[in-house]
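Examination of the molecular architecture
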Amino acid sequence: MTRTLSLLLLSLGLAACNGHDKPVDQPAAASSAAAQQHAQAVLASGPTSDVAKPAAAASTLASPPQAASYSGYGDLHFGLSEADFRKNWGDLKGGPAAAGSTCTVLYPIWIKQMPPDIGFMFEDDKFVRFDVRTAKEAAPGGGKVGMTVEQIAALYPAAEKQPQKYDADAVDMRVPGDHGAVLLFEADKSGKVNAWRVGLPPQVDYVEGCG
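1. Regarding the state of the cysteines
Across all of its chains, the model carries one disulfide by this definition. The residue that forms a disulfide with Cys103 is Cys210, at a sulfur-sulfur distance of 1.8 Å. One quick way to see it: the torsion about the S-S bond of Cys103 and Cys210 is about -65°, and its sign makes the bridge left-handed. Residue Cys103 is found in strand S5 (residues 103–108), and its partner Cys210 is found in the segment after strand S11 (193–199); the two are separated by 107 residues along the sequence. A single burial state applies to Cys103 and to Cys210, both of which are buried.

And the structure:
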């Protein structure tokens, strides 16, 4: 009787041990894998959706208004006197091209390099043209420094291609605009725009600026 009871108790103990091991280990491993997958999914999707919207909004807010037009630069229209231009803009550098010259080029005081990223031309005391040499500014219609001649031609179907005066391998793209003004892109030998200008004839076609 005692031996039978002992065997019975031993069998129950072994069964209890075997039954306890399996349910604990397997669910724990499955739970850990599921948690890792969930964390990876949150990391993959969370930051993208949370960050993208504010970044897009910030980009929109940071975009400056279009300044260049066929009538002038912002509120500074062609025909404005140099004194009135200075009064509206503020401090500017530059002056007459030479002693006694009626042609003047002015540019913002923060510009260090020459030729300047942007310059404003006056002749006979009238604002007649502005030149741009930076991709930060967009021309009327969307053209920019760095674009190819093909891209400019696509943006401006009326553009006329002309050889440059001092480089037969470089070209100008001349676009007639509103208010009698002209937009002219300068492209180098590689076919990329390195400068553009808007102005009134004949000054817009001066190759050396005021020189």
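2. A few points about the pairing of strand S6 (residues 118–123)
Extensive coverage of S6 is indicated by the burial of six of its six residues. Neither face of S6 is open: one carries Ile118, Phe120 and Phe122, the other Gly119, Met121 and Glu123, and all of them are buried. Where S5 lies against S6, four bridges are found, and the strand directions are antiparallel. Within S6, the position partnered with Leu106 by the bridge is Phe120. Two elements, S6 and strand S7 (residues 126–132), share six bridges in a ladder whose sense is antiparallel. For Phe120, the partnering residue across the bridge sits in S7 and is Phe130. Turn length for the S6-S7 hairpin, with the two strands adjacent in sequence and antiparallel, is two residues, and the turn residue Asp124 shows positive phi of about 55°.

3. Here we look at the side chain of Asp131
Within the secondary structure layout, Asp131 lies in strand S7. Overall, the relative accessible area of 11% leaves Asp131 in the buried class. A distance of 2.8 Å separates polar atoms of two side chains, one belonging to Asp131 and the other to Arg129. Setting aside chain neighbours within four positions, we find Asp131 in contact with Asp117, Ile118, Gly119, Trp196 and Arg197.

What counts and what doesn't
- Residues numbered from 1 in each chain as written.
- Predicted model: local features only at pLDDT ≥ 70, side-chain atom pairs only at ≥ 80, totals over all residues.
- Heavy atoms only, no water.
- Disulfide = S-S within 2.5 Å.
- Helix = DSSP H or I, 4+ residues; strand = E, 2+ residues; numbered from the N terminus.
- Buried < 20%, exposed > 50% of the residue type's maximum accessible area, 1.4 Å probe, protein only.
- Pairing = 2+ DSSP bridges.
- Polar contact = N/O pair within 3.5 Å; in protein donor to acceptor, adjacent residues only side chain to side chain.
- Contact = heavy atoms within 4.5 Å.

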